[in-house]
Structures are given as structure tokens and as C-alpha cells.
Amino acid sequence: MPLNQDVLWYKDAIIYQVHVRTFFDSNGDGIGDFPGLEQKLGYLQELGINAIWLMPFFPSPLRDDGYDIAEYTTVHSAYGTLDDFRKLLESAHNRGIRVIIEMVLNHTSDQHPWFQESRSSRHNPRRDWYVWSDTDERYKGTRIIFLDTEKSNWAWDPISKAYYWHRFFSHQPDLNYDNPAVREQMWKVMSFWLEMGVDGFRLDAVPYLVEREGTNCENLPETHEVLKDLRRRLDEQFPGRMLLAEANQWPADLRPYFADGNEFHMAFHFPLMPRMFMGLKLEDRKPITEILQQTPEIPPSCQWSLFLRNHDELTLEMVTDMERDYMYDTYAENKTMRLNLGIRRRLAPLLENDRRRIELMNGLLMSLPGTPIVYYGDEIGMGDNINLGDRNGVRTPMQWSGGWNAGFSTAEPDRLYAPLIQNPVYGYPAVNVLSQLGSEHSLLRWMQRMIMVRASTAVFGRGSIEFLRPANHRILAYVRRLGKEAVLAVNNLSGAAQAVELDLKKYKGNILIEMSGKNIFPRVGEQPYLLTLGPYQFFWFRLRRI
Ligand code: NOJ
Ligand code: CA
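Residue positions within a chain follow its written sequence, with the count starting from 1. The naming scheme follows written order: chains are lettered A onward, ligands numbered 1 onward. Totals for whole chains, interfaces and linings use every residue, but because this is a predicted model, local features are given only for residues with pLDDT of at least 70 and side-chain atom pairs only at 80 or more, for both listing and counting. Only hydrogens and water are set aside when side-chain values are computed; all heavy atoms of the structure are taken into account.

### A closer look at the layout of surface pockets
Each pocket or cavity is described by its volume, and for the largest pocket that value is around 570 Å³. Using only the protein atoms, space was sampled on a 1 Å grid; points where a 1.4 Å probe fits but cannot get out form cavities, open sets with protein on both sides within 12 Å along at least five of seven lines form pockets, and lining residues are those with an atom within 4 Å of a point. Residue lining of the largest pocket: 26 residues in total, with Glu297, Ile298, Pro369, Gly463 and Ile465 positioned closest to the centre. Of all the secondary structure elements, the ones that give two or more residues to the lining of the largest pocket are helix H10 (286–293), strand E10 (303–307), helix H16 (459–462) and strand E15 (464–467). Secondary structure elements are taken from DSSP: a helix is a run of H or I of four residues or more, a strand is a run of E of two residues or more, and numbering for both begins at the N terminus. A total of four residues in the lining of the largest pocket trace back to one element, the largest contributor, which is E15. Grid points are joined across faces, edges and corners, and a volume is the space filled by probe spheres set on the points.

### Focus on the site of ligand 1
Proximity is defined per residue: if any heavy atom of the residue lies within 4 Å of a molecule or strand, that residue is considered near it. Around ligand 1, the neighbouring residues are Asp64, Tyr67, His107, Phe146, Phe168, Arg202, Asp204, Glu246, His311, Asp312, Arg391 and Arg395. Polar contact criterion, stated in full: a pair of N or O atoms within 3.5 Å, where within protein one must be able to donate a hydrogen and the other to accept it, and residues adjacent in sequence count only if both atoms are side-chain atoms. Asp204 places a side-chain nitrogen or oxygen 2.8 Å from a nitrogen atom of ligand 1. Asp312 places a side-chain nitrogen or oxygen 2.5 Å from an oxygen atom of ligand 1. In short, Shrake-Rupley with a 1.4 Å probe defines the accessible areas, and a residue's cover is counted only from the protein chains shown. If ligand 1 stood free it would expose 300 Å²; the protein chains cover 98% of that surface. Think of it this way: a molecule belongs to a cavity or pocket when more than half its atoms come within 2 Å of the grid points there. In this structure the site holding ligand 1 corresponds to the largest cavity. When its residues are assigned to classes, the shell around ligand 1 shows three nonpolar, two polar and seven charged. Here the nonpolar group is Ala, Val, Leu, Ile, Met, Phe, Trp, Tyr, Cys and Pro; Asp, Glu, Lys and Arg are the charged ones; every other residue, Gly included, is treated as polar.

### Focus: the coordination of the calcium ion (ligand 2)
Metal donors were taken as nitrogen, oxygen and sulfur atoms no farther than 2.8 Å from the ion, or 3.2 Å where the ion is Na, K or Ca. Water is excluded, so coordination may look unfinished. At the metal site, the calcium ion (ligand 2) is ligated by Asp25 (OD), Asn27 (OD1), Asp29 (OD), Ile31 (O) and Asp33 (OD), and these contacts range over 2.2 to 2.4 Å. Each donor residue of the calcium ion (ligand 2) lies on one chain, and together they are spaced D-x1-N-x1-D-x1-I-x1-D. Only protein chains enter the calculation, and the probe is 1.4 Å; a residue is then buried if its accessible area is under 20% of its type maximum, exposed if over 50%, and partly exposed in between. Here Asp33 falls in the buried class, since its relative accessible area comes to 2%.

### Remarks on the sheet that holds strand E20 (residues 520–521)
A pair of strands is considered paired only if DSSP assigns at least 2 bridges between the two. Ordered by their spatial adjacency, six strands build an open sheet running E15-E16-E17-E22-E19-E20, and the pairing between neighbours is antiparallel. Since the sheet does not close on itself, it has two edges, and those belong to E15 and E20, each with one partner. Pairing between strand E17 (residues 485–492) and strand E22 (residues 538–544): five bridges, direction antiparallel. Residue Ala489 lies in a different strand from E22, and its bridge partner there is Trp540. Helix H13 (residues 355–367) contacts strand E16 (475–482), E17 and E22 of the sheet and is inclined by roughly 35° relative to E22. What makes two residues a contact is simply this: any of their non-hydrogen atoms within 4.5 Å. Only C-alpha atoms enter the line fits that serve as axes; for helices the fit covers just the stretch in contact. Angles between N-to-C directions range over 0 to 180 degrees.

### Digging into the pattern of salt bridges
In what follows, salt bridge is the name for a side-chain nitrogen of Lys or Arg lying within 4 Å of a carboxyl oxygen of Asp or Glu. Enumeration over the complete set of coordinates arrives at 46 salt bridges. We note a salt bridge from Arg445 to Glu46, for which the minimum N-O separation is 3.9 Å. Linking Arg445 in helix H15 (residues 443–455) with Glu46 in helix H3 (residues 41–47), this pair joins segments that are 399 residues apart in sequence. Classification of Arg445 by relative accessible area gives buried; the value is 19%. A relative accessible area of 46% places Glu46 in the partly exposed class. Note that Lys140 and Glu137 form a salt bridge whose closest N and O atoms lie 3.7 Å from each other. Taken together, the shared-partner salt bridges in this structure form one network comprising Arg21, Asp64, Asp65, Asp312, Asp390, Arg391 and Arg395.

### Concerning the domain arrangement of the protein chain
In many reports, interface size means the accessible area that the parts give up when they come together. Boundaries between domains were set according to an automatic or database domain assignment. Under the domain assignment used here, the protein chain contains domain 1 (9–106 + 176–455), domain 2 (113–165) and domain 3 (463–544). Look at where the C-alpha atoms of domain 2 and domain 3 centre, and you get two points 55 Å apart.

### Remarks on the packing of helix H9 (residues 272–282) against H13
The interhelical angle for the contact between H9 and H13, taken along N-to-C directions, is 135°, at an axis separation of 11 Å. As far as their axial angle goes, H13 and H9 are oblique. Considering only the axes of H9 and H13, their crossing is right-handed. Of H13, the residues touching H9 (which contributes Met276, Phe277, Leu280 and Lys281) are Arg357, Leu360, Met361, Leu364 and Leu365. Along the lines of polarity and charge, the residues of the contact of H9 with H13 split into seven nonpolar, no polar and two charged. Working definition: roughly parallel below 35 degrees, roughly antiparallel above 145 degrees, roughly perpendicular at 65 to 115 degrees, and oblique for all remaining angles. Working rule for handedness: look at the near helix, and if it is turned counterclockwise from the far one by less than a right angle, call the crossing left-handed; if clockwise, right-handed.

Quick look at the structure:
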């Protein structure tokens, strides 16, 4: 399968997020690796995705699972060699799968030689590559992100007897983007991977690049300048590649990351995600429609990226205090499930393993405006392990089969980088790829079909959205349109059957074709269009004038 050559390919993408170490171990050392992932590309192709996003795979002390990079232009030896990475890239491209990699611009590991030099003396030429201060009183208006671990954004360095700035863990010193040498160096790093052929970057933690006194040190104009400069160079030298922003911000603060179509191609829609879970729990469409109405228009070449879960806690930063309390009460009653401002659980356990709710949420993910990202393992309904620290409970080995180590590795079970999920409901004998492939009715088979349906039209990735406002507020209904194509999505957010009358006057004379079964529903007439939906049921209909 050749790669889609359209420069807007990311609009038609369905992205699969995966950490190399979690996926498949090819050499039996207990750690997933590039050759292992390469062997599983067929699985991903069959799933129907057309891009993968790889979490950081660079040399690292792994104190933040690789988001603490100690060298930017090679790979961690546990995952293989640079040649293994090249092979993976080539094989993915041969299968029509694009490869997006992670790039952490904001900070490095304290083990990075740049930081080692910088801290070695106040006169070292690299001193100014990081943000140093004689007091910890500067930038007081800045929030702390890893609230459960860090008390300050400054850390004392006993070697050079000064404080250094860090927005995340204290072992992740922030680079100094006021220094042109740093900006030059980071572009060099990005070009290294672009020249090798990667299709894009997820740029980590972009709101925090620059600090200024008297501000909250987030989303500053100076930060946007740095990012625009990277984009300018990308367009000049590597047209067709993509930048995806990790900016956990409110819609109004997110909008500038798209600028005039000259900063990011894509950005995660952080505020939408928790509101999908809220809408479901409240059995009310309001949280979802409200946030999408507050979401500003973005330039035509830009795209939102949507997700239900990822490798971090389900973040509750972009909700009000009341909404956060509600989310904690309903989705993380047990306090060990909470971390920082979020909930460290996977999709299936969050939804109490209710197949109907899992399907509905995936249906929303794939029909609301944007590019969906599926987190590895969620396509089979994997569980989590809240007894593992930090966010490790949602990063356990992929469950391929009910056999030895879930088919993930031939190592002794004690050597796996993390224990497998073992409990009776989510453990690998119960939840695994092999058994789900064998059953037409499994979640995995359902996901394959839905992805295929989604990919059968460009309307979901590129179309406009118009909400219908039926009196029944438990129903979320919208029409996606692109050129002559129109798709109506109707979602029942409630656990009881519902009837709804939809105002489809605009589409009078159209028939409705249900997209997964291709059956024809009655023609739209003068009267409101009546539909009934079972608990958590949803429909996608093509509207056709025949
Ligand atoms: C965001 C990443 O998603 C998270 O996993 C990481 O810990 C922080 N950025 C720091 O890099
Ligand atoms: Ca291995």
C-alpha cells in the first residue's frame, strides 16, 4: 500500500499511539523493541490505522519513561539500533503507514551532556543553554505541573551552586530558548530525523519554551516565535511533514498554536476529552456541545487531534474545579487512581468494561471533527494496574495471546519491563488479540470495522459540523458535511433506550443509509425525523438524494 501523497494526509489519518517497549519483544530480553514493532505492523495495517505515533525511544535514564532525553540523535539500545529504526520506518511506509515520532524540546534529562557541561561551571560555554538563577524567587506566577512530586519549578544544583528551572520533574532541566544556539541545535536534531524520513513530530510540552517575569510562563509570544521559526524551516526543507502540538490549554489559548496556518498542523483537543467522559456520565450532550461551540475556527490546513486516553493520566487541567470534582467522584472514587490533576486509568476500566459505552466513546472519537488517536491496547479493551507507580499502570505489555507472557516476550516473566495485567477480568487470558481475532463479535473486530467505515469517506476528517438540537438532551446529533457528502451521527449518551425527533428539514427528500450495515432507513419528509436508539447506541447515516 503506497503512502497517501496528499500534503494534508494528517487530515485523513487514524493514528495509533504506541510505545516501542510495550508492544512486542523480538529478542526475549523482556523489553519491546523496533524489530518487534516491525513484526506487528501487519496487525496494525489490519486494524486499519495509517499512522503510528512512537513515544520517546532515545537514550535516557528513563526516569520519565524517555521524556528525559540524554541524547537526541540515536535510539535507546534496549529498543534496538538506529538501523532497526530505519528498517521499521521503511516497512511502515511500505504498508502505507506514516511514522510520527516524539520530540521533547522543552527540557532534557539532567544526564544529557549539555546539562552536565552547563552545570560544571558558571563559565562553561554551555552555561546559558539552561535557565539558571541565584534565587528561587523568579517567575513566581508559574504553576507546578507534576504537583504530586514537585514543590517548586526551581531545583538547587549543588555543583554550580545555583538554581535551575524545570517545568516537569527536577531531573528534567528546561532548555533556554532565549539562547539562539539552543534553537539552532534543536532544529538540527529535528532535521536529523526528518532526513531519515519520519513524517512528523509530536512536539512535547510546547507552551513552556520561554519564561518571562510577571507572566505564567505559558503560551508566550516569544514561544510562538520559536515554534513558527521551526515550522518555516520545516516547510522550506521538508514539505509534507507534520507538527502536532502537545499544548494542554483552553481552546482560546490553543488557537494561536495554529497561527495563520504557519505554526502547527495539528494540536490535541485537550478540553474536549474529559467532557466526552462527563457527557456520558451525565447522560447529557451539553458538556460536549458547549466546548465545541467555544472552540474557535482553525485555518483550513489545520486539524484537531482527538483522543480518549493516552500514556498519561486522564488530565483534568482543562476543566473547572466543579467539573474536576465530578470527574474524580464518578471516575476515580479510589484515591490511588488519582495523579496530579488527573486519573491514571485506561479506557475499558473507566467505562466499567461496558462494551456499549466503549463502542459509543470510540464512535464519538471517530465522528467528531479531527483526527482520532487510538492508544495501544484500547482496541482490545486492555485494563490497567493502579498498583504500579506514576503512570506505569497504563503502560503494561500489549496482550497478544493467552499464552506465555501474553505472547509479548519469551523472557522469564520476572524480566519483563513491567508485569502483565493478571486479574480475572482484564488479564491476558481473558483479553488478548489472538482470541479477539477469532471472534467476529470481539471489540477488536468491531474496531477494525469502524475504522474501515470511517476511512470510507473523507467527511469525518475534513468535513464541517452542524449540531442538531433535539428536545431530548440525552441525544447528541450532528451532521458532518464535505462538498456533496453529508453524514448524520446520532448518539445516545444514556443507559436507557431513547426516542428522538430530529429536525432534518434541510435534507428533505434524502434517504438515510446506515453506514455499517448499509441498510436504508426511511426518506426524510415534512415531519420531524423519528429515531429510536437502544442504551448507548449510535448511528452514522449517509444522507443521499436518490
Ligand atoms: C508530556 C508527556 O505526555 C508526559 O508523559 C511527560 O511526562 C511530560 N510531557 C514531560 O515531558
Ligand atoms: Ca527486546
